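Observations on the three-dimensional arrangement
Letter by letter, the chains look like this.
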Amino acid sequence: MKFDTPATQNPIDQLKVIGQSVNRIDGKFKTTGTAAYAYERHDVAPNQAYGYVLGASIAKGRIRAIDDTSARAAPGVVTIVTTLDTPPLALGQMNYANLFGGAEIAHYHQAVAVVVAETFEQARAAAFLLTVDYETEAGRFDLAAEAGSAEPVGGDSGEGSDSGPGDRVGDFEGAFAAAPVTLDHTYTTPDESHAMMEPHATIAAWQGEKLTLWTSNQMIAWSKGSVAKILGIPKENVRVDSPYIGGGFGGKLFVRADAVLAALAAKAARRPVKVALTRPLIVNNTTHRPATIQRVRLGATRDGIITAIAHESISGNLKDGPPETAVDQTKLLYAGAHRLTGMKLARLDLPEGNAMRAPGEAPGLMALEVAMDEMAEKLGLDPVEFRIRNDTQVDPGNPERPFSQRDLVGCLTLGATTFGWDKRNPKPGQVRDGHWLVGLGVASGFRNNLLAKSGARVRLEVDGRVTVETDMTDIGTGSYTIIAQTAAEMMGVALDGIVVRLGDSDHPASAGSGGQWGANNATAGVYAACVKLREAVAQRLGINSADAVFADGVVRSGNRAVPLCEAAASGELVAEDAIEYGDLSKKQQQSTFAGHFVEVGVDIHTAEIRVRRMLAVCAAGRILNPKSARSQVIGGMVMGVGAALMEELAVDTRRGFFVNHDLAGYEVPVHADIPHQKVIFLDEPDPQSSPMKAKGVGELGVCGVGAAVANAVYNATGLRVRDYPLTLDKLLDRMPDAA
Amino acid sequence: MADAGAPVGPESPVMANVAFTVNGKRRELDLDIRTSLLDAAREHLHLSGSKKGCDHGQCGACTMIVDGRRINACLTLAVMHQGSDIVTIEGLGQPDNLHPMQDAFVRHDGYQCGYCTPGQICSGVAVLAEIEAGIPSHVTADLNAAPEATADEIRERMSGNLCRCGAYSNIVEAMTEIAGRPA
C-alpha cells in the first residue's frame, strides 16, 4: 500500500481497540519467566555447546601470537577459534571496527577468541588459559585533547538525525554581533552506555550451508543482510530470530560479536553453539553514545525574540565512524532568521561510537535547552514564555515547509499549569524545604517522526483467529500489543482472537525497532495487510468490500451478516502487504514535541541531588496504547535522569578504554532515584504520518529531560554546571551558605 | 558431596551431587562445583525465568527466594544449597495462574523488555514479606515501630533490582497495590 496522500477516515478511527490502555498481550509470559530470550532457547537446537569470548586487553596495536595449547587441553574444550585463525571479516551495516578476524586491534575488548566447551564453567576457565602476545601502539583516547584537530563533517545517525558540516541560513555572525542580548557557552556530555539488562546473546546452528541465529536484535532485516555480508554467505542462507529482546536502546541495532562468534564457533564445532557477551565485556566490545563538546550561541532582541542561533558539536569516533549528530534539533526547534549548525569529528581509538536512544537529540538538547534557560534568565523572561515566544510553525530554514502538526506551546502551557510552574521562584537558591534547596526546571523535548517501509502478513485461520507475522521486534516497546490492537480493530475481532508472531526473518520485513519509528510504521504495515485480508474475506463471502463492516466477529454488508470465520471455512486466507511512503514527509516536517518539567531537591550540606517530581506533556500523534506509550515515556525520563545526574563512561586516556565497564561502575538510576512520574498525551491524530495517524514516542521521553533536571538544579542552587553529569563534586565547593 | 572415588585434580572439573527443592519439587543434580545457583536453574533445570543480567550481583535480574529470603542467585554456588527450599519466578505463578504480584505487574505495566521482571517480582514478593516481618531498612525512620510499605520503603528495598527500561514508577504502584495501600 502506497501512502502518498493524507489519511482520511478509516477503520482504525473507530478506536474500539486502538487508543485503549489494554494490558500487554505478552505480559503473562514476561511476568512468569516463560518468555524465552536468546540464550534460553534450549529447545531450538540439540546439543548446544557453550562459547566464551575473550576480549583484547590493549586498545590499539596487533597480536603477535596467541598460545592456545593449555586452553585446548583443558577439560571439556570442544574447539577454539582465534582471530588469527580467521581473516578480517567484512564490516556489517553501520559497523566501523571489525567484529573479528586478523591481527589488528582497533579498540579495547575487541574479540580475539572464542572458546567452546561442553559447559559454561569449562569454557570460561579455558578462556583464561589463552596467552595473547600483543604489540601495543600509541592511540588517541582523549576527546578534549583531540578536539583542536577535529575536522568539519556532516553525518547521519542512521536514525534520521542528520546535519551537514556547516549548515547556514542568513548571516549568523552578523546577526549575533548585532544582537543586544547574547549568550555563548560550551557544554559537555560524556560517553554513555546503553546498559540494557539482557547481554548480547546468540545461539547459532548450521544445517549444511544454512545458518540460523537465535539472537537478541532490534533490526532483523538489517541484521540478516549484515550476517551474510560479514560471513560472506548468501543472504538466503541466513535466518535470524528474536521474538524477545531484553532491551536494546540502539545497542542491538546491529550485529555484534556474539552473533558472529556463535556462527564461526558452531561451524568449527560442527554443533550448535551459544554465546553471551559477559557484562564486563559489553561496554568496550560493543557500541556507546559518544561524548560531545557543544558550543551554543544565541542572540536575541531585548524582548526575547531570537535573531541568531548557532549550535556546533565536536565528537570523536574510530576511522570512518560517524559523528554524534547533536546539532540536528537546533535546525527545527526554534525560530530565528540567522542560523548556523555544524559538526566536527575527531579521530579516536576508543570503542565504536554509535546510536543510543535518540542519538543526536538526547545529548544535543542537554546543551541547547540549558542555553535556552540561561538566555531566558539574561532576558528576564520566564523560560516557558521565552520558548513560546520563539515557537515556529514552519521549518525555519525552509519557511514554505510547515510542520504537519506542532503543539509545543500546548505542551509547555499545559505542563506549566499541571506542574504548578507559577509557584517557581525565578530567583535561584531561594526555596528551602528543611535541609533541601528546591528548584523547578523546564525543557522542550523534540524528536522527528520517521517513515520507513514496513511489511506484514496476516492469516485468517480456520478457527477464526487472526495471526499476524512480521519481522518487527518488541524490545519492551509494546509492539506485540499494538500490532494485535491494530489487527483486532481492522478485522473486527476481540484482542484475544489475535496471535502475533514477531522477530523472525522468515516473516515480511518491517521497519524494525529504532529511532522511535517502530510503532507507527509497523502497525501501518499491519493495517495494509489487513486491508488486503478484508478484501479477500469480502470476495470469498461474496460481499462488496467497499461497504463491508467488520465488527464483533461478523462481516456486515447491507442486510447480510456473516461470521468472519466462515470466510476461512474452506481454508485459511492469507494476505501480505507493506506500507510504503510517498513524499508527504518531505512536503511537511513531521516531528514530536514535549514539555518536560522537573522538581529537584539539593541537599544544602552535601549537594546531593534528588529528583522529587517529573512531568512530561507529549504531542506525538495518535497514541495507540496510552498504557504502553506512557511506559515508553517514563522509561525515557528515567534515562534522562541518568544522563543528567550519574551516567558517565570514565575514559582511561593512557590505556584507552572505558574503565567502569559493568553495572556497578557505570551507574544507572535505581528505584530510589525515581519519584512518581506523570505523563500527559495531547492526543492529536496526524493524517500525514500514516493510516494509523500515529508518530513515534519512545525517544521523545528522553529528549530534553537531562536539561530540565540541570535547569532545576540551577533554580534550586544558583549554580550552573555545564559539564554532565551533574555529580555533587561539581557543586559542593560552591554551595550557598547553609545558615 | 564430592565424588571421593574419582581422581580429582586441576585438570578435571570437580563434580558434586546436590539436592534441593525447587518450586516444591525435589531436584537432584550432579554439578561442576563452579556452577552458580543461577546457572544450575537456567542451564541444568531449564528454568530460565531467572535472568543473567550481569553475573556479578550488580543487577538483581537473577533474584530467587531461597529459604524465605531473596538472594542474587548468580552470587551463590549451587552446591552451597544442599537441602534448600528454592522458589523461582516459575514457582510463583504461571501464565494462566498468575501470582497476585505478577498480575499487578501486568495491570500496572511494571515492565517493558521483561528481562529484569522476574527478579523484580521475586524481590517485590520478598520485600513485602520483609516489611510484614518488621525488618527495617535504611529509610525506616522509627526502628521501634513496625515498618510500613510506603513508596519510600519500597524504593529503598527494591534498589538492588535495576530496570534499564525505567519501569520503576509503575513497579512501585504495583507493589503498593499488593501491599494493600492506595496507589
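Here is what the cut-offs are and how they apply
Residues numbered from 1 in each chain as written. Chains lettered and ligands numbered in written order. Predicted model: local features only at pLDDT ≥ 70, side-chain atom pairs only at ≥ 80, totals over all residues. Heavy atoms only, no water. Helix = DSSP H or I, 4+ residues; strand = E, 2+ residues; numbered from the N terminus. Rg over C-alpha atoms; globule rule 2.2 N^0.38 Å. Buried < 20%, exposed > 50% of the residue type's maximum accessible area, 1.4 Å probe, protein only. Contact = heavy atoms within 4.5 Å. Areas by Shrake-Rupley, 256 points an atom, 1.4 Å probe, with all protein chains shown as cover. Lys, Arg positive; Asp, Glu negative; His and termini not counted. Charge placed at Lys NZ, Arg CZ, Asp CG, Glu CD. Polar contact = N/O pair within 3.5 Å; in protein donor to acceptor, adjacent residues only side chain to side chain. Pairing = 2+ DSSP bridges. Axes fitted to C-alpha atoms, helices over the stretch in contact; angles between N-to-C directions. Left-handed = near helix turned anticlockwise from the far one by under 90°. Nonpolar A, V, L, I, M, F, W, Y, C, P; charged D, E, K, R; others polar. Disulfide = S-S within 2.5 Å. Phe/Tyr/Trp six-rings, centres within 6.5 Å; stacked < 30°, edge-to-face > 60°. Domains from an automatic or database assignment. Buried area = accessible area lost by both parts, 1.4 Å probe. Salt bridge = Lys/Arg side-chain N within 4 Å of Asp/Glu carboxyl O.

1. Focus: the overall build of chain A
Counting its secondary structure elements, chain A contains 16 helices and 33 strands. Computed over its C-alpha atoms, the radius of gyration of chain A comes to 27 Å, within 12% of the 27 Å expected for a compact globule of 739 residues. A principal-axis box enclosing the C-alpha atoms of chain A has dimensions of 80 × 75 × 50 Å. Taken over 739 residues, chain A has a buried fraction of 67%. A separation of at least 24 residues holds for 80% of the contacts in chain A among residues at least 6 apart in sequence. With an accessible surface of roughly 23600 Å², chain A has 50% of that area assigned to carbon and sulfur atoms. Of the charged side chains in chain A, 72 are positive and 86 negative; the average position of the first set lies 2 Å away from that of the second.

2. Some points on the overall build of chain B
Across its full length, chain B holds 6 helices and 5 strands. Traced from its N-terminal end to its C-terminal end, chain B shows the element sequence β-β-α-β-β-β-α-α-α-α-α. Taken over the C-alpha atoms alone, chain B extends approximately 60 × 40 × 30 Å along its principal axes. Counting across all 183 residues of chain B, residues that qualify as buried make up 54%. A separation of at least 24 residues holds for 51% of the contacts in chain B among residues at least 6 apart in sequence. Carbon and sulfur atoms make up 52% of the accessible area of chain B, which totals about 7500 Å².

3. Let's talk about the environment of A:D391
All names here are of chain A. By the element assignment, D391 lies in the loop between helix 10 (383-389) and helix 11 (408-419). Separated by 175 residues in the primary sequence, D391 and S216 have C-alpha atoms spaced 41 Å apart. Not counting chain neighbours up to four residues away, the residues in contact with D391 comprise A335, R406, L408 and V409. A polar side-chain atom of D391 sits 2.9 Å from a polar atom in the side chain of Q393. At 2.7 Å, the side chain of D391 forms a polar contact with the side chain of R406.

4. As for helix 3 (residues 120-127) of chain A
Side chains three or four residues apart in an α-helix point the same way, a direct result of the helix having 3.6 residues per turn. Counting buried positions along helix 3 of chain A gives 6 out of 8 residues, so the element sits mostly inside the fold. Along helix 3 of chain A, the residues classified as buried are A:F120, A:E121, A:Q122, A:A123, A:A126 and A:A127. Of the surrounding secondary structure, the elements contacted by the buried residues of helix 3 of chain A are strand 2 (49-55), helix 2 (69-73), strand 4 (77-82) and strand 6 (111-117) of chain A together with strand 2 (25-32) and helix 1 (37-44) of chain B.

5. Points about the sheet that holds strand 2 of chain A
Residues and elements named next belong to chain A. The strand order 4-6-2-16-13-14-15 describes an open sheet built from 7 strands, whose pairing is mixed. A single partner strand is all that each edge strand has here, and the edge strands are strand 4 and strand 15 (238-241). On average, adjacent strands in this sheet sit at an angle of 20 degrees to one another, irrespective of strand direction. Taken strand by strand, helix 3 contacts strand 2, strand 4 and strand 6, and its axis lies near 25 degrees from that of strand 2. Each of strand 2, strand 4, strand 6, strand 13 (201-207), strand 14 (210-215) and strand 16 (273-276) touches helix 7 (residues 257-269); the most contacted strand, strand 13, lies at about 35 degrees to it.

6. So, the packing of helix 9 (residues 361-379) of chain A against helix 16 (residues 705-717) of chain A
Residue and element names in this part refer to chain A. Two elements in contact, helix 9 and helix 16, have axes whose closest approach is 8 Å; the angle formed by their N-to-C orientations is 35 degrees. For the pair helix 9 and helix 16, the sense of crossing is right-handed. In this structure, helix 9 uses L365, M366, E369, V370, D373 and E377 to contact helix 16, whose residues at the interface are G706, A707, A710, N711 and Y714. Here the residues of the contact of helix 9 with helix 16 are counted per class, giving 6 nonpolar, 2 polar and 3 charged.

7. Here's the deal with the state of the cysteines
Residues and elements named next belong to chain B. Applying the stated rule across the entire model yields 0 disulfides over all chains. This cysteine, C54, is not joined by any disulfide, and C59 carries the nearest cysteine sulfur, 3.8 Å off. Counting only cysteine sulfurs, C116 is the nearest neighbor of C163, a cysteine outside any disulfide, at a range of 3.9 Å.

8. Quick notes on the packing of aromatic side chains
As enumerated under the stated definition, the model contains 15 aromatic pairs over all chains in all. When the centroid spacing of 5.3 Å and the interplanar angle of 25 degrees are considered together, the rings of A:F172 and A:F176 count as stacked. In this pair, A:F172 and A:F176 both sit in helix 5 (residues 172-178), 4 residues apart, roughly one turn of the helix. Taken individually, A:F172 and A:F176 each receive the classification buried, so the pair is uniform in this respect. Here A:W421 and A:F597 contribute two aromatic rings whose centre-to-centre distance is 5.7 Å and whose plane-to-plane angle is 75 degrees, an arrangement assigned as edge-to-face. You can see A:W421 sitting in the loop between helix 11 and strand 20 (432-433) and its partner A:F597 sitting in strand 29 (residues 591-603), a full 176 residues away along the chain. Like A:W421, the residue A:F597 is buried in the burial classification. Pairwise contacts between aromatic rings join A:Y37, A:Y244, A:Y480 and B:Y115 into one cluster.

9. Notes on the domain arrangement of chain B
By a widespread convention, an interface's size corresponds to the accessible area lost as its parts come together. All names here are of chain B. Domain boundaries in chain B define domain 1 (15-92) and domain 2 (100-178). Tallying the contact residues gives 15 residues for domain 1 and 16 residues for domain 2. Roughly 1300 Å² is buried in total at the junction of domain 1 and domain 2, and carbon and sulfur atoms are behind 59% of that figure. At the boundary of domain 1 with domain 2, the tally comes to 1 salt bridge. Taking the shortest distance from any N to any O, the salt bridge between R70 and E130 comes out at 2.9 Å.

10. With respect to the domain arrangement of chain A
All names here are of chain A. Segmentation of chain A into domains returns domain 1 (2-35 + 451-587), domain 2 (44-138 + 195-285) and domain 3 (380-449 + 590-739). For domain 1 versus domain 2, the distance between C-alpha centres works out to 37 Å. On the side of domain 2, 18 residues touch domain 1, which itself brings 20 residues to the contact. For the domain 1 and domain 2 pair, buried surface summed over both sides reaches about 1400 Å², with 56% attributable to carbon and sulfur atoms. The tally of links between domain 1 and domain 2 comes to 2 salt bridges. Its salt-bridge partner being D506, residue R239 comes within 3.5 Å of it at the nearest N-O pair. Put simply, domain 1 and domain 2 have 7 residue pairs in polar contact (both at pLDDT 80 or more) between them.

11. Topic: the interface of chain B and chain A
Taken together, the contact between chain B and chain A spans 56 residues of the former and 62 residues of the latter. Roughly 4800 Å² is buried in total at the junction of chain B and chain A, and carbon and sulfur atoms are behind 55% of that figure. Counting the surface chain B buries against chain A, the share from its top three residues, B:Q112, B:R164 and B:Y168, is 18%. The interface formed by chain B and chain A includes 6 salt bridges. Among the salt bridges present, the one from B:E43 reaches A:K274, with a minimum N-O distance of 2.7 Å. Here chain B is connected to chain A by 31 residue pairs in polar contact (both at pLDDT 80 or more). At the level of secondary structure, the elements contributing two or more residues to the side of chain B that touches chain A comprise helix 1, helix 2 (89-92), helix 3 (100-108), helix 4 (117-132) and helix 6 (168-178) of chain B.

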